[in-house]
Amino acid sequence: MHSVPVILALTVLTVLFTSPAQQVIGWRPYPPQTNGSDQIFGASKKFEGSSNLVRLRYHMGPVLTNNITVHPIWYGTWQKSQKKIIREFINSISAVGSKHPSVSGWWKTVQLYTDQTGSNITGTVRLGEEKNDRFYSHGKSLTRLSIQSVIKSAVGSRSRPLPVNPKSGLYLLLTADDVYVQDFCGQVCGFHYFTFPSIVGFTLPYAWVGNSAKFCPGVCAYPFAVPEFIPGIKPMKAPNGDIGVDGMISVIAHEIAELATNPLVNAWYAGPDPVAPVEIADLCEGIYGTGGGGSYTGQMLNDDRGATYNVNGIRRRYLIQWLWNHVVSYCTGPNKLD
């Protein structure tokens, strides 16, 4: 039990003396351009699930076993309709009675993960208090460290600050489509980490996800937009009619799943490096349905409007990637019994 603070302290020191690009990076949602199915894909830590190559292990750190409260920070200009799509996705994670395949059924894979006491990750994910930063208080170009300053402003605001909850709070910084974040599009579509007490005053698990609609929809909103280097492929229709936000949903799902299983970067991950771990969503990057792997996303669904999705929420449909199931050692989607 006493090893966790030591590991955390070492991790913080390591991060402070390494390049920001070495922190827990996000992912590219498009499939790799390769004929193989079991290999690392460039800087995005691409693995296409293989029990022979994957060595996902538990490193004795905490996971989020308490009921999770997600606190969105809306940075920049957001439409009400865009906020509604994202809020309803978060509320769908714990929704009861959604049609199969459901978001809540997808979360059951996350619930399989435990801490060192054998306690499972919670099945309850709630939408908590929110903060609007519509005046771009830290500018329209953010670094990884200035992201933490945005979070500090949200929890330290004189007017309606976000509650500080290190044990079960999850802080989700969402940047509008005119905000550029360090390494956005080139290396990351989103990432997660924890705040430094020296900057924020607390150690809080957080994630950043950007709206790529203007900067790089073909990179971070695939398959609703297609990058130029993949010829002959038509983009799929977004289930909620917003390419940027529908693309964000999959990245948000990716990061929330990894925050739950590896909030302080010392719990569940594969690979030897805790500063650049390969986590449960990284292991299934680009897989959205049965048969996914290599350059194939897997079997997905189309609604009566021709939009592509793979899970049902409370009132909406979404496209999110599958997750690594350590019990069976391959990527799985929504539980068929949900």
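Residues numbered from 1 in each chain as written. Predicted model: local features only at pLDDT ≥ 70, side-chain atom pairs only at ≥ 80, totals over all residues. Heavy atoms only, no water.

### A word on the overall build of the chain
The helix and strand inventory of the chain stands at six helices and 16 strands. Looking at the chain residue by residue over its 338 residues, the buried ones come to 56%. Counting contacts in the chain only where the partners sit at least 6 residues apart, residues at least 24 apart contribute 74% of the total. Put simply, the chain shows about 13900 Å² of open surface, and 54% of that area lies on carbon and sulfur atoms. (Helix = DSSP H or I, 4+ residues; strand = E, 2+ residues; numbered from the N terminus. Buried < 20%, exposed > 50% of the residue type's maximum accessible area, 1.4 Å probe, protein only. Contact = heavy atoms within 4.5 Å. Areas by Shrake-Rupley, 256 points an atom, 1.4 Å probe, with all protein chains shown as cover.)

### Digging into helix H3 (residues 103–111)
In terms of burial, H3 is largely enclosed, as seven of its nine residues are buried. Considered for burial, the residues of H3 that qualify are Val 103, Ser 104, Gly 105, Trp 106, Trp 107, Thr 109 and Val 110.

### Things to note about the confidence of the model for the chain
Scored by pLDDT, the chain has a mean of 85; 83% of the residues are at 70 or more. Ignoring residues within four places in sequence, the model shows residues 1–52, a span with pLDDT below 50, making 132 contacts including any to other chains. (pLDDT = per-residue confidence, 0-100.)

### Description of the packing of H3 against helix H6 (residues 243–261)
Geometry of a packed helix pair, given as the angle between the helix axes and the separation of the axes. Interaxial distance between H3 and H6 falls to 10 Å at its minimum, and their mutual angle equals 30°. Between H3 and H6, the angle is such that the two are roughly parallel. Crossing handedness for the pair H3 and H6: right-handed. Along the contact surface, H3 presents Trp 106, Trp 107 and Val 110, while H6 presents Ala 253, Ile 256, Ala 257, Ala 260 and Thr 261. Here the contact of H3 with H6 is built from residues that sort into seven nonpolar, one polar and no charged. (Axes fitted to C-alpha atoms, helices over the stretch in contact; angles between N-to-C directions. Parallel < 35°, antiparallel > 145°, perpendicular 65-115°, else oblique. Left-handed = near helix turned anticlockwise from the far one by under 90°. Nonpolar A, V, L, I, M, F, W, Y, C, P; charged D, E, K, R; others polar.)

### Some details on the pattern of salt bridges
Tallying each qualifying case throughout the model produces seven salt bridges. Linking Arg 305 and Asp 303 is a salt bridge whose minimum nitrogen-to-oxygen distance equals 2.9 Å. Using a relative accessible area of 43% as the deciding quantity, one classes Arg 305 as partly exposed. The buried category is assigned to Asp 303, whose relative accessible area is 10%. One salt-bridge network, in which partners are shared between bridges, spans Glu 88, Arg 315 and Arg 316. (Salt bridge = Lys/Arg side-chain N within 4 Å of Asp/Glu carboxyl O.)

### Things to note about the state of the cysteines
A full pass over the atoms with the stated rule returns three disulfides. The disulfide partner of Cys 185 is Cys 216, and the S-S distance across this bridge is 2.0 Å. Its S-S torsion of about -75° marks the bond between Cys 185 and Cys 216 as left-handed, since a negative value means left-handed. In this pair, Cys 185 is assigned in the loop between strand E7 (180–181) and strand E8 (190–194) and Cys 216 in the loop between strand E9 (205–210) and helix H5 (217–220), connecting sequence segments 31 residues apart. (Disulfide = S-S within 2.5 Å.)

### Looking at the nonpolar core
Judged by nonpolar contacts, the single largest core of 83 residues is most densely connected at Ile 86, Phe 89, Trp 107, Ile 147, Leu 174 and Ile 252. Per-element tally for this core: the top contributor is H6, with 10 residues. Not counting residues up to four positions away in its chain, the partners in contact with Ile 147 are Leu 142, Leu 173, Val 181, Phe 191, Tyr 206 and Trp 208. (Core = buried A, V, L, I, M, F, W, Y, C linked by side-chain atoms within 4.5 Å.)

### Some words on the side chain of Asn 240
Structurally, Asn 240 can be placed in the loop between H5 and H6. Classification of Asn 240 by relative accessible area gives buried; the value is 16%. Within polar-contact distance, the side chain of Asn 240 engages the backbone oxygen of Arg 317 at 3.0 Å. In contact with Asn 240, not counting residues within four places along its chain, are Ile 85, Asp 246, Arg 316, Arg 317 and Tyr 318. (Polar contact = N/O pair within 3.5 Å; in protein donor to acceptor, adjacent residues only side chain to side chain.)

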